[in-house]
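Each chain, letter by letter, is given below.
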Amino acid sequence: MNLYQASLHLLIFLSLITTSIANPIYSRIGCNDTCGIVSIPYPFGIGADCSVNPWYIVECTSSTPYLSALNHLELLDVNLENQTITVKTRTISDCQNPNGVSIKTMSIDLGRSPFLFSKSHNKFVFEGCGNAVMMDNGSVVTGCSTYCPKGSVVEGPKCYGINCCETTIPHYLKSYVMNLTGLDGARGCGYGFLVDEISYLGGRFSVAAEKASVPVSLTWILTSSDIQDCCQGAGFPRNLELNMGDGTSVHTQKCFPGLPYVGNPYLSYGCEVREECARCPDNCYYDTIYEDDGSSRLTNFTCPPAYPKSFEKRSSIAIGNILSLFLHDLYTFASSTNNFVLL
């Protein structure tokens, strides 16, 4: 037995005890994965060499991320699981026109970009007195009206028709026109907007301000030329169809990490075994809830009942055996060369 073999056993030992703290990789190697407090995972990237294509380039200015190819919109969040981003957009107000005359305003036009207004993650909201209608190519998409009794006020994200109403959108959109009609008199003022549902329920913004902005959720599209491989454990990219409401659909591909994995499925080296699953001696189990846009979420994690003791026992035995081998080899080497090592 020689020193090389002893050192090899030590390396194996060290790799075993450090494997459990490995972190998933979210950006391409050599690329920053954050801008300020916002995570920027691939297929997005800070700079041309870090993103999947020019539409996904993020410009990081004064620790604030912007999508340079998409009207320079401020980027608030990237969600790999839902395949969405959250960006800032302006609210539409009829406060400057309180006499009951309708105001029509067009949203940002996503046009030929690989982005859509998300059907599943947005709400259409009107706060104020009057009604709001969303239209697409001259057809009504959705809308709602409010009732404003004297002395009533809007109370946060609770919209039940009094001073505030909300509804869902029935399909994905590239753009829309919002038509606001306020009530006559001093109460004829309102704000209409499409908004990310989670942000709205969390009350993370205020619309009662001049040039107010709200977070809106956009679904991002990837083609077969964008995705070559998903990460280990994710298998092949899956094809999804997103309903555009006019008899057509948009096709996209999506990588789904396997149940035991966490990380970025769009990088071949981006996934790691979930921490709770790594503790299971065999397999771990989840219930999966699938949404109609292809997103999913895991609930009810379970592990075979024997895992706490059996896993720790087997791990202790394995690590102990390797450490014993290392010490034995080191002692043998020292004895054969008449050298003594103090540990």
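Reading guide: rules and limits
- What you see as residue numbers is a count from 1 along each chain, following the sequence as written.
- Local features are withheld for residues below a pLDDT of 70 in this predicted model, meaning they are given only at 70 or higher, and side-chain atom pairs are given and counted only at 80 or more; totals for whole chains, interfaces and linings count all residues.
- For the side-chain quantities, the full set of heavy atoms in the structure was used; hydrogens and water were omitted.
- A pair of aromatic rings is counted whenever rings of Phe, Tyr or Trp (Trp by its six-membered ring) have centres within 6.5 Å, and the orientation is called stacked for planes under 30 degrees apart, edge-to-face for over 60 and tilted otherwise.
- Strands here mean DSSP runs of E at least two residues long; helices mean DSSP runs of H or I at least four residues long; both are numbered from the N terminus.
- Note on classification: 1.4 Å probe, protein chains only; a residue is buried when its accessible area is under 20% of the maximum for its type, exposed when over 50%, partly exposed between these limits.
- As a per-residue quantity, pLDDT reports the predictor's confidence and falls between 0 and 100.
- We call two residues in contact whenever any of their non-hydrogen atoms come within 4.5 Å of each other.
- Whenever a pair of cysteine sulfur atoms sits within 2.5 Å, that pair is classed as a disulfide.

Some words on the packing of aromatic side chains
Point 1. Under the counting rule described, the total for this entry stands at eight aromatic pairs.
Point 2. Note on F44 and Y56: the rings are 4.6 Å apart at their centroids and 55° apart in plane angle, and the pair reads as tilted. Taken as a pair, F44 in the loop between β2 (38-39) and β3 (45-46) and Y56 in the loop between β3 and β4 (57-61) lie far apart in primary sequence, 12 residues in all.
Point 3. A relative accessible area of 1% means that F44 is categorised as buried.

Concerning the confidence of the model for the protein chain
Point 1. For the protein chain, per-residue confidence averages 77 on the pLDDT scale, and residues scoring 70 or more make up 70% of the total.
Point 2. Here residues 1-21 is modelled with pLDDT under 50, and outside its nearest four sequence neighbours on either side it reaches 21 contacts, counting other chains as well.
Point 3. Long-range and interchain partners of residues 307-328, a stretch whose pLDDT sits below 50, account for 22 contacts in this model, where long-range means more than four residues apart.

What to know about the state of the cysteines
Point 1. All told, the structure shown has seven disulfides when counted by the stated rule.
Point 2. The residue that forms a disulfide with C35 is C60, at a sulfur-sulfur distance of 2.0 Å. Here C35 and C60 share a disulfide; its torsion about the S-S bond, 90°, makes the bridge right-handed. One end of the pair, C35, is in strand β1 (residues 34-35); the other, C60, is in strand β4, with 25 residues separating them in the sequence.
Point 3. Paired by a disulfide, C129 and C148 hold their sulfur atoms 2.2 Å apart. The sign of the -115° torsion about the S-S bond sets the C129-C148 disulfide as left-handed.

What about unusual backbone geometry?
Point 1. The step from Y42 to P43 runs through a cis peptide bond, and the omega angle for that step is 20°.
Point 2. Mapping P43 onto the fold places it in the loop between β2 and β3.
Point 3. Positive phi outside glycine occurs at S63, with the angle close to 65°.
Point 4. Mapped onto the elements of the fold, S63 is located in the loop between β4 and β5 (64-67).
Point 5. At N71, a residue that is not glycine, the phi angle is positive and equals roughly 55°.

Observations regarding the side chain of D196
Point 1. Mapped onto the elements of the fold, D196 is located in strand β16 (residues 190-196).
Point 2. For D196, a relative accessible area of 9% corresponds to the buried category.
Point 3. Beyond its immediate chain neighbours, meaning those up to four positions away, D196 contacts T86, H121, N122, P215, V216 and S217.

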